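Take a look at the letters that make up each chain.
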Amino acid sequence: MLNIALPKGRLGEKAYSLLEKIGYKCEEFDSGKRKLVFTDKKNGVSYFWVKPSDVAIYVERGVADVGVVGKDILLEQEPDVYELEDLKMGVCRMAVAAKKDFEDDTDKVLRVATKFVNVARGYYEGRGRQIDVIKLNGSIELAPILGLSDVIVDIVETGTTLKENNLEVKDEIFPVSARLIAGKAAYRFKNEEIERLLMQIREVLNDKD
């Protein structure tokens, strides 16, 4: 039985569609039941639906053997897991954004609103910029609009929300996409199953290219 942690939402649904194609279908999942754990003994798979930011924790702790998680979360949390493959889905970017007329005054401490605290600190430390990190959990774009922060560090997909709020990307930090990860113990003891899964995923991804 291969235990797979998937993020709730659109990304998890896309990931399940990919896994379904390569033989990891779960009949119980297709039943429409509002459960968090779905098991299909016939196909030897069990799916857990968890909050996106919790996927790596379940994998690192050995509850799930493998999982699908965004590169943004991996760089923020730095979990002790193996990153196996870029799934080329959920593509977006981590960026710095601010009001269109914003100009950085380097004589002042830069106020940065974000939920990616470690990413923001690492980025600005690399630039030698002193910052005051303001941790927020949602509606990050509101911070510079109301004067809580000078800039934000957040995920940007289309940029529509930024434009509608008179904000714009000032700098791109790194590209983001979903990654297949594996727990270290699982990769050791279920290596054959995980490698088979990985090989099948790569075949599908290569066909798309």
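See above for the structure.
Because the structure is predicted, anything quoted here is derived from the model rather than measured.

A. Geometry of the sheet that holds strand S7 (residues 110–114). Ordered in space as S8-S7-S9-S6-S10, the five strands form an open sheet in which the pairing is mixed. Where the open sheet ends on each side, the last strands, each with one partner, are strand S8 (131–135) and strand S10 (167–176). Mean inter-strand twist for the sheet, computed between neighbouring axes without regard to direction, equals 25°. Relative to strand S9 (residues 151–156), strand S6 (residues 92–99) runs antiparallel, the two sharing six bridges. Pairing of methionine 94 across the sheet is with isoleucine 155, part of S9. Lying on the sheet, helix H4 (residues 117–126) is in contact with S6, S7, S8, S9 and S10; it crosses S8 at an angle near 170°.

B. The arrangement of the nonpolar core in detail. The biggest cluster of nonpolar side chains holds 29 residues, and the ones touching the most others in it are Leu6, Leu19, Tyr47, Leu87 and Ile201. Secondary structure elements with two or more residues in this core: strand S1 (2–7), helix H1 (10–21), strand S3 (45–50), strand S4 (66–70), strand S11 (178–183) and helix H8 (191–208). The element best represented in this core is H8, accounting for six residues. With residues near it in sequence (within four places) discarded, leucine 19 still touches Ile4, Leu6, Tyr24, Lys25, Tyr47, Leu197 and Ile201. Residues Met94, Val117, Ile131 and Val153 belong to the second largest nonpolar core, which totals 18 residues.

C. Spotlight on H1. Taking 1.5 Å per residue as the helical rise, H1 with its 12 residues ought to reach 16 Å, and the 17 Å between its terminal C-alpha atoms agrees with that figure. For H1, the full list of buried residues reads Gly12, Ala15, Tyr16, Leu18 and Leu19. Considered in projection along H1, the buried side chains sweep an arc of 160° and stay on one side of the axis. For H1, the exposed residues lying more than 90 degrees away from the buried face are Arg10 and Lys21. Lining the buried residues of H1 we find S1, S3, S4 and H8. Directly after H1, the chain includes glycine 23, whose backbone phi takes a positive value near 105°.

D. Here's a closer look at the pairing of S4. Most of S4 is tucked away, with five of its five residues classed as buried. Pairing between S1 and S4: two bridges, direction parallel. Counted as the bridge partner of alanine 5 is glycine 67 from S4. Pairing analysis gives five bridges linking S4 to S11, with the strands arranged antiparallel.

Calculation criteria
Residues numbered from 1 in each chain as written. Predicted model: local features only at pLDDT ≥ 70, side-chain atom pairs only at ≥ 80, totals over all residues. Heavy atoms only, no water. Pairing = 2+ DSSP bridges. Helix = DSSP H or I, 4+ residues; strand = E, 2+ residues; numbered from the N terminus. Axes fitted to C-alpha atoms, helices over the stretch in contact; angles between N-to-C directions. Contact = heavy atoms within 4.5 Å. Core = buried A, V, L, I, M, F, W, Y, C linked by side-chain atoms within 4.5 Å. Buried < 20%, exposed > 50% of the residue type's maximum accessible area, 1.4 Å probe, protein only. Expected span 1.5 Å × (residues − 1). Arc of directions from axis to C-beta.

Functional significance is not addressed by these values, which are geometric in nature.
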